[in-house]
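Overview (structure and organization)
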Amino acid sequence: MSKHCPNCKGPLQDFRPANDDEKKYLVEEEKLTWADAHSFWRCQGHEGACRWVQPHLSQGKGLTLPERFA
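Only a predicted model underlies this, so the values are computations on that prediction, with no experimental measurement involved.

Read across the sheet, five strands follow the order β1-β2-β3-β4-β5 without closing on themselves; strand pairing throughout is antiparallel. The open sheet has two edge strands, β1 (2-3) and β5 (63-64), and neither has a second partner. When β1 meets strand β2 (residues 13-17), the two strands line up antiparallel, connected through two bridges. Within the sheet, the bridge partner assigned to Lys 3 lies in β2 and is Gln 13.

Here the focus is the packing of aromatic side chains. Inspection of every chain in the model, using the stated rule, returns one aromatic pair. Aromatic pair Tyr 25 and Phe 69: ring centres 5.5 Å apart, planes at 65°, arrangement edge-to-face. Pair noted here: Tyr 25 is in helix α1 (residues 20-28) and Phe 69 is in the segment after β5, with a separation of 44 residues, a long-range link. Pair check on accessibility: Tyr 25 and Phe 69 agree, each one buried.

Thresholds applied
Residues numbered from 1 in each chain as written. Predicted model: local features only at pLDDT ≥ 70, side-chain atom pairs only at ≥ 80, totals over all residues. Heavy atoms only, no water. Pairing = 2+ DSSP bridges. Helix = DSSP H or I, 4+ residues; strand = E, 2+ residues; numbered from the N terminus. Phe/Tyr/Trp six-rings, centres within 6.5 Å; stacked < 30°, edge-to-face > 60°. Buried < 20%, exposed > 50% of the residue type's maximum accessible area, 1.4 Å probe, protein only.

Laid out in structure tokens, this is it:
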């Protein structure tokens, strides 16, 4: 899936579903439910180093993961 990434700017970026470690962070630190965390996708810009995650259809609810997820 390709979407605009506010961190990468410019052309559309490929996104992939958030992995289990990323979902765990969203549940434990961002206080999302597991079901909500399951809907998040991560940007693959900057050769996979971008840390932006967002729900599939809601960029406004996205956030940048901490550097440990780089």
